[in-house]
Every structure is written in structure tokens, then in C-alpha cells.
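# Chains, contacts and geometry: an overview
If you want the building blocks of each chain, they are given just below.
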Amino acid sequence: MLSKQNLKNFPNADAMAVAAANRILELVNACSGAFTVALAGGNTPKPLYSLLASDYYRERVPWEKIHFFWGDERLVPPQAPESNFQMVNTHLLNHVPVPMGNIHEVDTSYSSPETAAKNYEFDLKVVFKTKGKLSLGNFPVFDVVLLGMGADGHTASLFPHSPALSETKLWTIGVPAPTTAKPAVPRTTFTYPVLNSAKQVIIMIEGEKKLELLRKFQGQTGLDKTEYPVLGIKNSPNVVWYVVDNNTDK
């Protein structure tokens, strides 16, 4: 059962974006070395990315410290509107002074999601070994992982009943085109060991169907990650759910 201690409710998406931006600013300023962020796709984090690109944050964030990665990506051209890379570029990266060498996008030119995932894992290992940011289990330790949740309970590109849910050794894994999500194209995704090794995980939730599912998580026991993959994210103080809910009495 999801603990209320891990929930932060906000009246609207703008308020949620401000809270997330301030938390990221706090964490990056407290970090003495390279700061690593795994980005989420979808519509929910767009206000956050746009806010970080605004004058206030653009002038205060030490962009040269931050390395950006993608928690999941669709195998589409990087200029395609369905690309998570393109979305983040449009709303954030094109507007802030991030060194090009700090942007670590997934190479989506491969026809096989398994090959794309293997290639991205190699790139990750080069960066994280160089920066000395590995866990005892030799998984990357992100300073912040941003996640969302689908109405079916998926997070990143970890979908219900997917074989990817059982992966314990790989950092990234290829995912066949899901039938329950749009666009229905193959993807790459971080695995649970990577997501659960992060110092801070922020799961951003907006939308009535997602709220209904979240209330189910709060009210029922015995639910598991096979049916609702977001439940594979450990319920710890390092994980916080930012939720747009202007009626918390429901």
C-alpha cells in the first residue's frame, strides 16, 4: 500500500512544476560534483521543463554540472514529435546553456530496440564509471530520476506483464512496441535496479484516471508490479509522488 508520507498534493500542474523545479535546484546546488538527471517523457513534465528554461531558473541553475539522460525513449527519429528527446529539447535544452557533452540521448537509429538499449547502456557505463557514481551493485546512481505514470500503471517504458519487469542485471532493456500505449513503437527503458538506485525519485501524476489508480494503490494491499509496474519503484523516503489533486478529500 502506498504511504501518504510519500505524497505531495498540488492544486494544479504549475504548482507541481514549481515544487519539482525548486527541489531540483536545491539538490544540484548541494552537489559538489557532476549532477545526473534521468528525464521523463510524456505530457506531465512539460510544465517543469518549460519552467526550468524560464529566466529565473536559467540564471540560477549551474547547467555546466548537470548531465541529462532519458529514462526511456521511443525508437523514432530524434526530430519526430513522438521523440522524448525532441520534447525535452523543445521545452528545455534549446533554451539553457547546457554543454553538448552533458546531453546523453538514446541513439534511435537502430532498428532493434535491444541493440539501441545495449548501445545506451555502454554509453551510460562510460559516464558513470568516469564520474564514480556507481552503487555497490554496480548500477548507476542518478541524483534525480523523473518518472510519470500511465493510466495502466506503467512507468518509464515498463508495461504490465512485460518480461522487462523481471530484469535484474541490465541497466537498459529493449521493449517491443506496446499495444496499450501510443505511439505503438519499440522503446528502450531503464530497468528497476537503475530506477531504484537513484538518490531521489520524483513521480509526477496528473489526470483523473491516474488519480483513480493512485487512490487504488493507497486503499488496497496485495497489488504488485506485474499488474501495475509503477509499484516496482521502491516505497522509500527517496521516492516522492508529486500529484495534481485539488480535492484531496476524495
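As shown above, the structure is provided for reference.
We now turn to the structure provided with this report. All values reported here derive from a predicted model rather than from experimental measurement.

What tends to happen in soluble globular proteins is that the nonpolar side chains get buried as a cluster. Counting residues in hydrophobic clusters, the biggest one holds 77 residues, and the most contacted among them are L48, F68, W70, L92, F142 and W241. A total of eight residues in this core trace back to one element, the largest contributor, which is helix α1 (residues 13-30).

Attention shifts here to the packing of aromatic side chains. The final tally for this structure, using the stated rule, is eleven aromatic pairs. When the centroid spacing of 6.3 Å and the interplanar angle of 15° are considered together, the rings of Y120 and F190 count as stacked. Taken together, the residues span a long stretch of sequence, with Y120 in helix α5 (residues 113-131) and F190 in strand β8 (residues 187-190) at a distance of 70 residues. Joined through ring pairs, the aromatic side chains of F69, Y120, F128, F142 and F190 make up one cluster. Over the ring of Y56 we find R60, and its NZ or CZ is 3.7 Å from the ring centre. Above the ring of W171, the side-chain terminus of K125 is found at 5.4 Å from the ring centroid.

What follows covers the environment of V106. Along the polypeptide, V106 turns up in the loop between β5 (103-104) and α5. In this structure, V106 is in contact with W70, E73, Y120 and T188, ignoring residues within four places of it in sequence.

Its boundaries defined by the atoms lining it, the largest pocket holds a volume of some 680 Å³. Lining the largest pocket are 34 residues, and of these G41, G42, N43, R74 and H154 lie nearest its centre. Residue assignment for the lining of the largest pocket shows that the elements contributing at least two residues are β4 (72-74), α4 (84-91) and β6 (144-147). Grouping the constituent residues of the lining of the largest pocket by class yields 13 nonpolar, 13 polar and eight charged.

Procedures and definitions
Residues numbered from 1 in each chain as written. Predicted model: local features only at pLDDT ≥ 70, side-chain atom pairs only at ≥ 80, totals over all residues. Heavy atoms only, no water. Core = buried A, V, L, I, M, F, W, Y, C linked by side-chain atoms within 4.5 Å. Buried < 20%, exposed > 50% of the residue type's maximum accessible area, 1.4 Å probe, protein only. Helix = DSSP H or I, 4+ residues; strand = E, 2+ residues; numbered from the N terminus. Phe/Tyr/Trp six-rings, centres within 6.5 Å; stacked < 30°, edge-to-face > 60°. Lys NZ or Arg CZ within 6 Å of the ring centre and 35° of its normal. Contact = heavy atoms within 4.5 Å. 1 Å grid on protein atoms, 1.4 Å probe; cavity = no way out; pocket = protein on both sides within 12 Å on 5 of 7 lines; lining within 4 Å. Points joined across faces, edges and corners; volume = space filled by probe spheres on them. Nonpolar A, V, L, I, M, F, W, Y, C, P; charged D, E, K, R; others polar.

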